[in-house]
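# Structural overview for review
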Amino acid sequence: MNSSSAIEKKWYLVACAPKQVKSAQYNLLSQGFTIYLPLEYSHSESIDSSAPLFHRYLFIQLDRCFDNWMLVRTTPCVSGLVSLGHPHSSLLEVPNYIIDSLHSREAESHQQEAFHGRQLVNSLFSVNNGVERSMLLFETLTKEHQIIHETETVEHLESAYR
């Protein structure tokens, strides 16, 4: 891996093979990648357990210029990086505030503390099914990208008519 600064790195979504999220996490970590696998904790009288928050997905931090993207795609248990539209379109960037909010919520959830944070993260945690939670994440991320794209288009059109 390289030693590029964290400022250049962005978060992306990795799709994993069914029931292989933790194996994919291990494989990517052993290659030196920065990975985040949010967990959902459940507590009962006799057992404390955790499971991936998003069914079949984890987050990876990459530098588009310096990191070896092909290495990620060919990692065992990884299906690929999630993109908008067809596989050769732009990769789906995950904003830092979503990762930060997930970290905060996960830490507070693990400690059984109340959390009054961002509405997005609260809605993600309110869904009990990992598949539905993943669909909500995709819906939210694609809407954000659509809004950014539409804002850029409007700004471009406004500048063209000045």
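A brief structural summary. The structure displayed is predicted, hence computed values, not measured ones.

## Things to note about the overall build of the chain
Looking only at helices and strands, one finds 5 helices and 7 strands in the chain. Reading the chain from its N end, one meets helices and strands in the order β-α-β-β-β-β-α-β-β-α-α-α. Per-residue burial for the chain yields a buried fraction of 36% across its 162 residues. Surface summary for the chain: the accessible area is close to 9800 Å², and the carbon and sulfur share equals 53%.

## A few points about the state of the cysteines
By the definition in use, this model includes 0 disulfides. Here C16 is not disulfide-linked; the sulfur of C77 is the nearest cysteine sulfur, at 8.0 Å. Given the relative accessible area of 0%, C16 is considered buried.

## Examining the pairing of strand 1 (residues 10-16)
The element strand 1 is extensively covered by neighbouring structure, given that 6 of its 7 residues are classed as buried. With 6 bridges joining them, strand 1 and strand 5 (residues 57-62) adopt antiparallel strand pairing. Opposite A15, over in strand 5, you have Y57 as the bridge partner. Sheet topology places strand 1 next to strand 7 (residues 93-94); 2 bridges connect them, and they run antiparallel. In the strand pairing of strand 7, Y12 is matched with E93. Of the strand pairs in this sheet, strand 1 and strand 6 (residues 78-81) are connected by 3 bridges, and their pairing is antiparallel. Pairing of V14 across the sheet is with L81, part of strand 6.

## Considering the packing of aromatic side chains
Overall, the coordinates contain 3 aromatic pairs when judged by the stated rule. Note on Y12 and W69: the rings are 5.1 Å apart at their centroids and 70° apart in plane angle, and the pair reads as edge-to-face. Within this pair, whereas Y12 is found in strand 1, its partner W69 is found in helix 2 (residues 69-73), the two being separated by 57 residues in sequence. Relative accessible area serves as the criterion here: at 1%, Y12 is assigned to the buried category. Overall, the relative accessible area of 13% leaves W69 in the buried class.

## Observations concerning the side chain of D63
Position of D63 relative to the elements: it lies in the loop between strand 5 and helix 2. K9 is the oppositely charged side chain nearest to the buried, salt-bridge-free D63, at an N-O distance of 6.5 Å. Separated by 2.7 Å, the side chain of D63 and the backbone nitrogen of C65 make a polar contact.

Conventions we followed
Residues numbered from 1 in each chain as written. Predicted model: local features only at pLDDT ≥ 70, side-chain atom pairs only at ≥ 80, totals over all residues. Heavy atoms only, no water. Helix = DSSP H or I, 4+ residues; strand = E, 2+ residues; numbered from the N terminus. Buried < 20%, exposed > 50% of the residue type's maximum accessible area, 1.4 Å probe, protein only. Areas by Shrake-Rupley, 256 points an atom, 1.4 Å probe, with all protein chains shown as cover. Disulfide = S-S within 2.5 Å. Pairing = 2+ DSSP bridges. Phe/Tyr/Trp six-rings, centres within 6.5 Å; stacked < 30°, edge-to-face > 60°. Lys, Arg positive; Asp, Glu negative; His and termini not counted. Salt bridge = Lys/Arg side-chain N within 4 Å of Asp/Glu carboxyl O. Polar contact = N/O pair within 3.5 Å; in protein donor to acceptor, adjacent residues only side chain to side chain.

No statement about biological role is implied by the geometric values presented.
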